[in-house]
Amino acid sequence: MGIGSRIVGVGSYVPPKIYENKDLEEMMDTSNEWIVQRTGIERRHWVDPKSSTSDLALEASLKAIKDAGLEKTDIDMIILGTLSPDHDFPGTGCFLQAKLDLPEITVLDIRQQCTGFIYGISIADKFIKSGSHKNILVVGAEVHSKGLDKTPRGRGVSVLFGDGAGAVVMQPVEVNDPKKDPHLMTTRLHADGKYAKELWLPAPGMAFEGSERWSEELMAEGLHYPQMNGKVVFVHAVKRMAESLTAACKETGIKFEDVDCFLFHQANLRINSKVAEVLGLDESKIFNTIQDFGNTTAATIPLGMDEAIKAGKLKKGDLVASAAFGSGFTWGSAIWRY
Ligand code: UT7
């Protein structure tokens, strides 16, 4: 059939320090019961003051490269998704590249938030199929904890997010039997920017009137913290993830019951249950990690993939279906045989 791409290495990393729900109770006037009931989250990992997004990305990348049986010098492109960059510019991919000591290779930063990993593997697939690159590192990494409002004002958002990174290495593969051979079968990518302000980080920003992107007033209003209309996001997430996954399965001729492991974005356990309910999926095949890591945005899917492999829930040759939804709004789905 021709050349496709496949995931040949997987790795993840979370910082060691764990914050249980009860650790947030006093900080944010919340409760373990509220967080567990509304989201399924029990704990999350948050970085120490010295660590940055590229530090977490580095650890996950080194593990993925090792898992692929490669030397880091084999990598010829880095695609990095994050909404919590080390700095506004340059992209965090450049900081990761320097830490990996891989000068001159192609680096691409992408800004698709919770859908970043699905966009990332889709872009890697196209570069691989073009023949221009052979060992592409796709990374999702986030340090949310340094950007959250950890007072009662921020509790609707801040209890949800954790720090972490996940990475995969993708390579070309000869695909003879598209139903059976390990490869990325399809990705579907979407966005609708009219909902951009339903989940966003307003400040600092060039769109503010005036000659500076930053002011004391913006800070006093808390506009340098993420703002979310949770109920609107929830409803759209269920609809769009279900819709995109259905289309991906139809396109590839795959029935939901053929799928061995569903790796969904981890924003809320109730979102994933609802998607399962709407589509009639076997919920035991959805591998959730939100209980232990919270929402790690661009990292949830590769981190989940690594955890599923470690837990024996995902083996080479298994069929994986993935879907994500997040800020932008962006959403998408992917199907691959591992
Ligand atoms: O990955 C990015 C995509 N993000 C998502 O997909 C998130 C989607 N949205 C959600 O998961 C849910 O909307 C949330 C978990 C964020 C919120 O759940 P909800 O059931 O929509 O709650 P709510 O925001 O409507 O708040 C309900 C109540 C409010 O109190 P009143 O007005 O009913 O008295 C809030 O003030 O819960 C209160 N509340 C909290 N209470 C304790 C909000 N946050 C908290 C909290 N602890 N952390």
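Residues numbered from 1 in each chain as written. Predicted model: local features only at pLDDT ≥ 70, side-chain atom pairs only at ≥ 80, totals over all residues. Heavy atoms only, no water.

1. So, the environment of Phe161
By the secondary structure assignment, Phe161 is in the loop between α6 (155–158) and β7 (164–175). For the pair Phe161 and Ile41, spaced 120 residues apart in the sequence, the C-alpha separation amounts to 9.3 Å. If we ignore the near neighbours within four places in the chain, the residues touching Phe161 are Arg44, Trp46, His144, Leu148, Asn295 and Thr297. (Helix = DSSP H or I, 4+ residues; strand = E, 2+ residues; numbered from the N terminus. Contact = heavy atoms within 4.5 Å.)

2. Re the domain arrangement of the chain
Considered domain by domain, the chain is made up of domain 1 (2–175) and domain 2 (184–337). One C-alpha centre belongs to domain 1, the other to domain 2, and the line joining them spans 14 Å. If you look at the interface, domain 1 gives 52 residues, while domain 2 gives 49 residues. Both sides together, the interface formed by domain 1 and domain 2 hides about 3800 Å², and carbon and sulfur atoms give 61% of it. Viewed at the interface, domain 2 and domain 1 are joined by two salt bridges. (Domains from an automatic or database assignment. Buried area = accessible area lost by both parts, 1.4 Å probe. Salt bridge = Lys/Arg side-chain N within 4 Å of Asp/Glu carboxyl O.)

3. Quick word on the sheet that holds strand β8 (residues 183–191)
Within the open sheet, the four strands sit side by side as β8-β13-β12-β11. Their pairing is mixed. Of all the strands in the sheet, the pair left with one neighbour each is β8 and β11 (261–264). With strand direction ignored, the average angle separating the axes of adjacent strands in the sheet is 10°. Note: β8 against strand β13 (residues 330–337), eight bridges, orientation antiparallel. For His183, the partnering residue across the bridge sits in β13 and is Arg337. Relative to the sheet, helix α5 (residues 116–130) contacts β8, β12 (319–326) and β13, its axis offset from that of β8 by approximately 125°. (Pairing = 2+ DSSP bridges. Axes fitted to C-alpha atoms, helices over the stretch in contact; angles between N-to-C directions.)

4. Let's talk about the sheet that holds β7
Pairing is mixed across the open sheet formed by five strands, whose spatial order is β1-β7-β6-β4-β5. Because the sheet does not close on itself, it has two edges, and the strands there are β1 (2–13) and β5 (106–110). Recorded for the sheet is a direction-independent mean angle of 20° between the axes of neighbouring strands. Bridge count between strand β4 (residues 77–81) and β5: five bridges; the pairing is parallel. By the bridge assignment, Ile78 is partnered in β5 with Val107.

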